[in-house]
Amino acid sequence: MASLYLNSLLPLPPSHPQKLIEPSSSSPSSLLSTSNGNEVSLKPIVINGDPPTFVSAPARRIVAVGDLHGDLGKARDALQMAGVLSSDGRDQWIGQDTVLVQVGDILDRGDDEIAILSLLRSLDGQAKANGGAVFQVNGNHETMNVEGDFRYVDARAFDECTDFLDYLEDYAQDWDKAFTNWIFESRQWKEDRRNSQTYWDQWNVVKRQKGVIARSILFRPGGRLACELARHGVILRVNNWLFCHGGLLPHHVAYGVERINREVSTWMRSPTNYEDSPQMPFIATRGYDSVVWSRLYSRETSELEDYQIEQVNKILHDTLEAVGAKAMVVGHTPQLSGVNCEYGCGIWRVDVGMSSGVLDSRPEVLEIRGDKARVIRSNRDRLHELQVADYI
């Protein structure tokens, strides 16, 4: 058993709160039982930064989900395992005041990317009504697509982009309604497309070009889906837990966590057809040691010499101390052994390669309650029989 002892929550930085999320008075999660049996009101979630960067979520259960890579079925399995998504096919939030964090790489290698983004947005609205919240952290595959790098796009994902662009015409300018409803409409569009396909469609160059153009329109800086991604940062701290896709290093913190999030978000929102359009932020999205590419923490301690372990421990300690966190949760690198922690549980790795486009492995999620974390995984192939690995 590994141990991880976390101190009381550190104060948030001196920026003004951007948003308060308060549980509805009619929600059963709006009251918190104390040790003497009394009930007190649950404090609201306080969000600082735009996009969200520092979050105070008092007394909330936190669940972290790793890379999803366009696999809607596995995404639903993971969310049901986490206890936040209904299993009746209605995609309802059942997590009450839980805070869900998805650590990036929703895009590429699967064909239901927009549907997953839509599902998470829909769940966020439902969660907020119950005093909970859904947060996303953009990964390297999100920034790659905004940059126009489509090397890892599944052929059927281009079809989803074509369908989604056609679907938007029915909603005129009501983007929020259109986007949140896509999760409920996408299955029918997918079935209609499948029923209309012929053997020769796989060689239809015009159709493929149409899909590439549709994706470019949606994901280019200033595009509808690029702006949707811009609502999320690349770094997020919830209480004293730090979430990022590939890792965080001291010089990122020195550059400014809120600054990195703001610059990436501004780049995603800004059309590129203007001379004064912001350039792609180098420190935030490129380079071996950047936020979205860092693999420093992905190596097993068994692969390192003692002096290397000490170096990594110091870098990790300095990073966490600088940002006011006690542990970091990352995705990016699939873990063959499942969700795990290293370096005294200062780093948690939650990418299990669950997407059928990656390892097609069984989903696992990380649950955090106060100063304790545990891994929730399925028993064999039966998702309703769960195993829980505790880390105290």
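Because the structure is predicted, anything quoted here is derived from the model rather than measured.

J.: Explain the overall build of the protein here, please?
T.: The number of helices and strands found in the protein is eleven helices and 16 strands. A buried classification covers 54% of the 392 residues belonging to the protein. Expressed as a percentage of contacts within the protein between residues at least 6 apart in sequence, the contacts between residues at least 24 apart total 68%. In the structure as shown, the protein presents an accessible area of about 17900 Å², 48% of it carried by carbon and sulfur atoms.

J.: What's the story with a nonpolar patch on the surface in this structure? I'm lost.
T.: On the surface, a nonpolar cluster with roughly 290 Å² of combined accessible area is contributed by Leu-336, Val-358 and Leu-359. Mapped onto the elements of the fold, Leu-359 is located in the loop between strand S13 (347-349) and strand S14 (364-369).

J.: Got a minute to help me understand unusual backbone geometry in this structure?
T.: Among all residues except glycine, the phi angle is most often negative; among peptide bonds, the trans geometry is most common. In the segment running from Asp-50 into Pro-51, the intervening peptide bond is cis, with an omega of 5°. Phi at Arg-109 is positive, roughly 70°, even though this residue is not glycine. Relative to the helices and strands, Arg-109 is located in the loop between strand S7 (99-102) and helix H2 (113-128). Note on Arg-109: relative accessible area 30%, which makes it partly exposed.

J.: Is there a simple way to think about helix H6 (residues 205-219) in this case?
T.: Every α-helix winds through 3.6 residues per turn, so residues three or four apart in the chain are directed the same way. With 15 residues, H6 should cover 21 Å at 1.5 Å per step; its first-to-last C-alpha distance of 21 Å lies within 8% of that length. Buried within H6 are the following residues: Gly-211, Ala-214, Arg-215, Leu-218 and Phe-219. Buried residues in H6, looked at end-on, bunch into an arc of 110°, giving them a common side. Residues Val-205, Val-206 and Ile-213 are exposed on H6 and point more than 90 degrees away from its buried face. Tucked inside the fold, the buried residues of H6 contact H2, helix H3 (140-147), helix H4 (155-168) and helix H7 (224-229).

J.: What is the right way to read the pairing of strand S4 (residues 45-48) from this model?
T.: Along a regular strand, successive side chains alternate from one face of the sheet to the other. Here S4 shows two buried faces, one formed by Ile-45 and Ile-47 and the other by Val-46 and Asn-48. Pairing analysis gives three bridges linking S4 to strand S5 (residues 54-56), with the strands arranged antiparallel. From the neighbouring strand, Ile-47 faces S5, where its bridge partner is Val-55. Count of turn residues in the S4/S5 antiparallel hairpin: five residues, of which Gly-49 carries a positive phi of about 100°.

J.: Help me out: how do you make sense of the pattern of salt bridges in this one?
T.: Where charged atoms from two side chains of opposite charge approach closely, those side chains can pair. In this structure the tally under the stated criterion is 24 salt bridges. Residue Asp-112 pairs with Lys-190 through a salt bridge whose shortest N-O separation is 2.9 Å. Of this pair, Asp-112 sits in the loop between S7 and H2 while Lys-190 sits in helix H5 (residues 175-196), and the two are 78 residues apart along the sequence. Here Arg-369 ties to Glu-367 by a salt bridge, and the two come within 3.7 Å at their closest N and O atoms. Each of the salt bridges in this network shares a partner with another, and the network as a whole consists of Asp-111, Asp-112, Asp-154, Arg-156 and Lys-190.

J.: Looking at this model, I keep getting lost on the state of the cysteines. Mind explaining?
T.: In protein structure, a disulfide is the covalent linkage between the sulfur atoms of two cysteines. Within this structure, the stated rule accounts for one disulfide. Across the disulfide from Cys-341 sits Cys-345; the S-S distance is 2.1 Å. Look at Cys-341 and you get buried, because its relative accessible area is 14%. We classify Cys-345 as buried; its relative accessible area is 2%.

J.: Please clarify how the pairing of S7 should be interpreted in this entry.
T.: Covered by surrounding structure in S7 are Val-99 and Val-101 together with Leu-100 and Gln-102, the residues of both alternating faces. Sheet topology places strand S6 (residues 61-65) next to S7; four bridges connect them, and they run parallel. Note that in S7 the partner of Ala-64 across the bridge is Val-101. In this region the chain leaves S6, passes through helix H1 (residues 72-81) and returns to the parallel neighbour S7; the handedness of that crossover is right-handed. In this sheet, strand S8 (residues 133-136) lies alongside S7 in parallel orientation, the contact comprising four bridges. When the bridges of S8 are listed, Leu-100 appears paired with Val-134.

Calculation rules
- Residues numbered from 1 in each chain as written.
- Predicted model: local features only at pLDDT ≥ 70, side-chain atom pairs only at ≥ 80, totals over all residues.
- Heavy atoms only, no water.
- Helix = DSSP H or I, 4+ residues; strand = E, 2+ residues; numbered from the N terminus.
- Buried < 20%, exposed > 50% of the residue type's maximum accessible area, 1.4 Å probe, protein only.
- Contact = heavy atoms within 4.5 Å.
- Areas by Shrake-Rupley, 256 points an atom, 1.4 Å probe, with all protein chains shown as cover.
- Patch = residues over 30% accessible without salt bridge, like charges linked within 9 Å, V, L, I, M, F, W, Y side chains within 5 Å.
- Salt bridge = Lys/Arg side-chain N within 4 Å of Asp/Glu carboxyl O.
- Expected span 1.5 Å × (residues − 1).
- Arc of directions from axis to C-beta.
- Pairing = 2+ DSSP bridges.
- Disulfide = S-S within 2.5 Å.
- Right-handed = clockwise from strand over helix to strand, strands pointing away.

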